[in-house]
2 protein chains.
Amino acid sequence: MSHAIGIFDSGVGGLTVYKELARLLPNQNFVYLGDTGRVPYGTKSPATVRRYAREAANFLSRHGVKMLVVACNTASAVALEELRQQFALPVIGVIEPGAERAVTLSKNSRIGVIGTEGTIKSGAYSAAIHRLNPDAAVFSTPCPLFVPLAEEGWAHHRIAHLAAEEYLAPLLAENIDTLVLGCTHYPLLKQTLEQVVGSEVRLVDSAAATAEAVRALLPNDTSPFEKEGRFYVTDVPTRFEQVGSAFLGAPLTCVEQVELA
Amino acid sequence: MSHAIGIFDSGVGGLTVYKELARLLPNQNFVYLGDTGRVPYGTKSPATVRRYAREAANFLSRHGVKMLVVACNTASAVALEELRQQFALPVIGVIEPGAERAVTLSKNSRIGVIGTEGTIKSGAYSAAIHRLNPDAAVFSTPCPLFVPLAEEGWAHHRIAHLAAEEYLAPLLAENIDTLVLGCTHYPLLKQTLEQVVGSEVRLVDSAAATAEAVRALLPNDTSPFEKEGRFYVTDVPTRFEQVGSAFLGAPLTCVEQVELA
């Protein structure tokens, strides 16, 4: 399992990033860790999320991964710098690739960002967008109901539509032309969000942008080991396998429970 | 702090139980522990919830509490027996008092129960109701959106109303006359739930029932120490203080962060 790419998320949501990575990089091995015993991170404090991220990175580092992909937006928002300082590995988060894609796509430089409470409070997307375009206007809001709506299987339900209208109205009033889906669960609500924002607003999926950023770091890597993917979680695997299969659109098995702390 | 009553919850929700206890038992001291670093329990496995409950009980036990109140429905549903075996203290959960109140109130013995995924899957309310009335018909369903709706401050929002209609329709179709609110957050949605179920269905708040069960165990305890309440959490206290003040209807301060594991 050494020389695999390590992917870490608070739970099942990061499988959207894994799915893109596995599609773009079919010759790579992956180790995925979902901290399902302590999910979610989005409502927890930066200090606690940093501690959990450190423990996760330690675990993956012990598995000899060659790179660390922080698939969780909240952990990327508050823990990336610390992880880069503490681990002698390339550490890729989802914020910078998402911000870059948004800046490229936006024509009027008015960009909306939605995410968890932790991600939005951190201001990480706003800072990353302004590093690329200091003149951009960024409008952001947390959408705490989107994750439970996605996990409930209500992504296309009338309730999801109403919640999206409520959350997005202030952003649409600012005439944004680009909206960053700053949480790994949000792509599951893409269809509903498209209906609410209309065809004039482009949606940015950080998962796809992140997978491309990872590929850019591994351009000539064509010497795969025997193809293998491993999944670890910190709660019993049952729910991760169930919800994760829906995320991946394929059965998820051989998930193993581990202890981090 | 010895001889205090220990109260434990996955987070802030158990403050509804604390509030009732403090009102009914003004001469008692309380130590409250909210496991905010790992909240919620409702979507986690019984094995993991049992481990967390054990760690919480250990912490309160070291504080010399004379009784342990498990204010969390999910932990009461899956961990109560184990806690009773492992700790030489009276251990009171919220399930039995809620079930007893429901059986007393119901005239047609058709009782609805709502709660987290973990609580409903455990069948604990159904079992407790049947121990008291083997002929009762129990209809239950998990309502995963109610906690985020309550924490979002949308308890009286149209979205909460729609979610309640969706969740409760199958129970109302079974002609229930009593509905157990089997999660500490749900009393915050009481007004919305009353509108959806109508005046023919009685709502049972486990918090109030549990506080009365605790009082029944302490009938003649009238020698209070200097009045004191302590609150411990496993994430930084900021959010617990904010949300908790709304739960209590009074400012919540002096909350201290601790490590359990």
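Cut-offs and rules
- Residues numbered from 1 in each chain as written.
- Chains lettered and ligands numbered in written order.
- Predicted model: local features only at pLDDT ≥ 70, side-chain atom pairs only at ≥ 80, totals over all residues.
- Heavy atoms only, no water.
- Helix = DSSP H or I, 4+ residues; strand = E, 2+ residues; numbered from the N terminus.
- Rg over C-alpha atoms; globule rule 2.2 N^0.38 Å.
- Buried < 20%, exposed > 50% of the residue type's maximum accessible area, 1.4 Å probe, protein only.
- Contact = heavy atoms within 4.5 Å.
- Areas by Shrake-Rupley, 256 points an atom, 1.4 Å probe, with all protein chains shown as cover.
- Domains from an automatic or database assignment.
- Buried area = accessible area lost by both parts, 1.4 Å probe.
- Salt bridge = Lys/Arg side-chain N within 4 Å of Asp/Glu carboxyl O.
- Polar contact = N/O pair within 3.5 Å; in protein donor to acceptor, adjacent residues only side chain to side chain.
- Nonpolar A, V, L, I, M, F, W, Y, C, P; charged D, E, K, R; others polar.
- Pairing = 2+ DSSP bridges.
- Axes fitted to C-alpha atoms, helices over the stretch in contact; angles between N-to-C directions.
- Core = buried A, V, L, I, M, F, W, Y, C linked by side-chain atoms within 4.5 Å.
- Arc of directions from axis to C-beta.

Draft legend 1. How the structure looks around the overall build of chain A. From N to C terminus, chain A includes 11 helices and 10 strands. For chain A, the C-alpha radius of gyration of 17 Å lies close to 18 Å, the compact-globule estimate for 261 residues. Seen along its three principal axes, the alpha-carbon backbone of chain A occupies a region of about 50 × 35 × 35 Å. In chain A, which comprises 261 residues, the share counted as buried stands at 57%. Taking as baseline every contact in chain A between residues at least 6 positions apart, the subset at least 24 positions apart corresponds to 75%. With the model as given, the accessible surface of chain A reaches about 10,400 Å², and the carbon-plus-sulfur share is 49%.

Draft legend 2. Local environment of the domain arrangement of chain A. Residues and elements named next belong to chain A. Structurally, chain A comprises domain 1 (5-94 + 209-257) and domain 2 (95-206). One C-alpha centre belongs to domain 1, the other to domain 2; they are set 22 Å apart. Summed over both sides, the interface between domain 1 and domain 2 buries roughly 1,600 Å², with carbon and sulfur atoms accounting for 54% of that surface. Counting across the interface, domain 1 meets domain 2 through 3 salt bridges. The partner of Arg-101 in a salt bridge is Glu-212, and the shortest N-O contact between them spans 3.0 Å. Our count for the contact surface shared by domain 1 and domain 2 stands at 13 residue pairs in polar contact (both at pLDDT 80 or more). Where the side of domain 1 that touches domain 2 is concerned, the elements lending two or more residues are α1 (15-24), α3 (73-86), α10 (206-217) and α11 (238-248). Top element by residues in the side of domain 1 that touches domain 2 is α3. It accounts for 7 residues. Its residues placed into classes, the side of domain 1 that touches domain 2 shows 10 nonpolar, 10 polar and 4 charged.

Draft legend 3. Expanded view of the sheet that holds strand β10 (residues 255-257) of chain A. All names here are of chain A. Sheet architecture is open: 6 strands sit in the order β4-β3-β1-β2-β9-β10, paired in parallel fashion. Sheet topology places β4 (91-93) and β10 at the edges, where each strand pairs with a single neighbour. Shown here is a sheet whose adjacent strand axes are inclined to one another by a mean of 20 degrees, direction ignored. Looking at chain direction, strand β9 (residues 229-233) and β10 are connected through 3 bridges and run parallel. In the sheet register, Tyr-232 faces β10, and the bridge partner there is Glu-256. Sheet strands touched by α3: β1 (5-9), β3 (67-70) and β4. Its angle to β4, the strand with the most contacts, is close to 165 degrees.

Draft legend 4. Representation of the nonpolar core. Among the nonpolar cores identified, the biggest contains 69 residues, and Ile-7, Leu-15, Leu-21, Val-214 and Phe-240 of chain A are the most heavily contacted of them. It is helix α2 (residues 46-62) of chain A that provides the largest number of residues to this core, a total of 7 residues. Here this core spans two domains, and each of domain 1 (5-94 + 209-257) and domain 2 (95-206) of chain A adds at least three residues to it. Excluding residues within four positions of it along the chain, Phe-240 of chain A makes contact with Gly-11, Val-12, Leu-15, Tyr-32, Thr-36, Phe-231, Val-233, Ser-245, Leu-252 and Val-255 of chain A. Counting residues in hydrophobic clusters, the runner-up holds 56 residues, among them Cys-143, Ala-150, Ala-163 and Leu-179 of chain B.

Draft legend 5. Structural detail: helix α11 (residues 238-248) of chain B. All names here are of chain B. Within the sequence span of α11, burial applies to Phe-240, Val-243, Gly-244, Phe-247 and Leu-248. End-on, the buried residues of α11 take up no more than an arc of 135 degrees, which puts them together on one face. Opposite the buried face of α11, by more than 90 degrees, sit the exposed residues Gln-242 and Ala-246. In this structure, the buried side of α11 is in contact with α1 (15-24), β2 (30-34), β9 (229-233) and β10 (255-257).

Draft legend 6. Representation of the pattern of salt bridges in the model. Residues and elements named next belong to chain A. Applying the stated criterion across every chain, the model contains 28 salt bridges over all chains. Here Arg-84 makes a salt bridge to Glu-96, at a shortest N to O gap of 3.3 Å. On the criterion of sequence distance, the pair formed by Arg-84 in helix α3 and Glu-96 in helix α4 (residues 95-105) is long-range, its members being 12 residues apart. Note on Arg-84: relative accessible area 30%, which makes it partly exposed. Note on Glu-96: relative accessible area 32%, which makes it partly exposed. Through salt bridges with shared partners, a single ionic network connects Asp-35, Arg-38, Arg-51 and Glu-55.

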